[in-house]
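Notes for the structure review
Listed below, chain by chain, are the residues.
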Amino acid sequence: MSATSLSPKERARRALDQLPDAATYEDVIERLVVLHKVERGLAQAREGSDLLTQDEVEAHFARRRESRS
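Residues numbered from 1 in each chain as written. Predicted model: local features only at pLDDT ≥ 70, side-chain atom pairs only at ≥ 80, totals over all residues. Heavy atoms only, no water.

1. A few points about the overall build of the protein
Scanning the protein from terminus to terminus reveals 3 helices and 0 strands. Each helix and strand of the protein, ordered N terminal to C terminal, gives the series α-α-α. The globule rule puts the C-alpha radius of gyration for 69 residues at 11 Å, and the 16 Å found for the protein is more than 25% above it. Over its C-alpha atoms, taken along the principal directions, the protein stretches across nearly 40 × 30 × 10 Å. Here the protein has roughly 6100 Å² of accessible surface; of this, 55% comes from carbon and sulfur atoms. A distance of 2 Å separates the average location of the 12 positive side-chain charges in the protein from that of its 13 negative side-chain charges. (Helix = DSSP H or I, 4+ residues; strand = E, 2+ residues; numbered from the N terminus. Rg over C-alpha atoms; globule rule 2.2 N^0.38 Å. Areas by Shrake-Rupley, 256 points an atom, 1.4 Å probe, with all protein chains shown as cover. Lys, Arg positive; Asp, Glu negative; His and termini not counted. Charge placed at Lys NZ, Arg CZ, Asp CG, Glu CD.)

2. Observations concerning the packing of helix α1 (residues 8-17) against helix α2 (residues 25-47)
Where α1 meets α2, the closest approach of the two axes is 10 Å, and the angle between their N-to-C directions is 130°. Here α1 is positioned oblique relative to α2, judged by the angle of their axes. For α1 against α2, the interelement crossing comes out right-handed. Contact residues: Arg-11, Ala-12, Ala-15 and Leu-16 in α1; Val-28, Arg-31, Leu-32, Leu-35 and Glu-39 in α2. A class-by-class count of the residues in the contact of α1 with α2 yields 6 nonpolar, no polar and 3 charged. (Axes fitted to C-alpha atoms, helices over the stretch in contact; angles between N-to-C directions. Parallel < 35°, antiparallel > 145°, perpendicular 65-115°, else oblique. Left-handed = near helix turned anticlockwise from the far one by under 90°. Contact = heavy atoms within 4.5 Å. Nonpolar A, V, L, I, M, F, W, Y, C, P; charged D, E, K, R; others polar.)

3. So, a nonpolar patch on the surface
A contiguous nonpolar patch, built from Tyr-25, Ile-29 and Val-33 and spanning about 360 Å² of accessible area, is present on the exposed surface. One can find Ile-29 in helix α2. (Patch = residues over 30% accessible without salt bridge, like charges linked within 9 Å, V, L, I, M, F, W, Y side chains within 5 Å. Salt bridge = Lys/Arg side-chain N within 4 Å of Asp/Glu carboxyl O.)

4. Section: the pattern of salt bridges
In this structure the tally under the stated criterion is 3 salt bridges. As a salt-bridge pair, Arg-13 and Glu-10 come within 3.3 Å of each other at their nearest N and O atoms. One end of the pair, Arg-13, and the other, Glu-10, are both in helix α1, 3 residues apart, so they sit about a helical turn from each other. Note on Glu-10: relative accessible area 26%, which makes it partly exposed. (Buried < 20%, exposed > 50% of the residue type's maximum accessible area, 1.4 Å probe, protein only.)

By themselves, these are just geometric observations and shouldn't be taken as functional.
This is the structure:
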């Protein structure tokens, strides 16, 4: 069964099973948030929506670096 054909609950279960037994609630939440963001980004890429050009990405990170200085 491919990862895309699994239900969100099963994908979450598999992601959480990879955490160590000593994982905190914060670790669990972080893992689920990252999983959701990755899946959302992959869906957007497949749809061709909300994509940035290389120049836009570089400009974004340049602005962030400047604001931290």
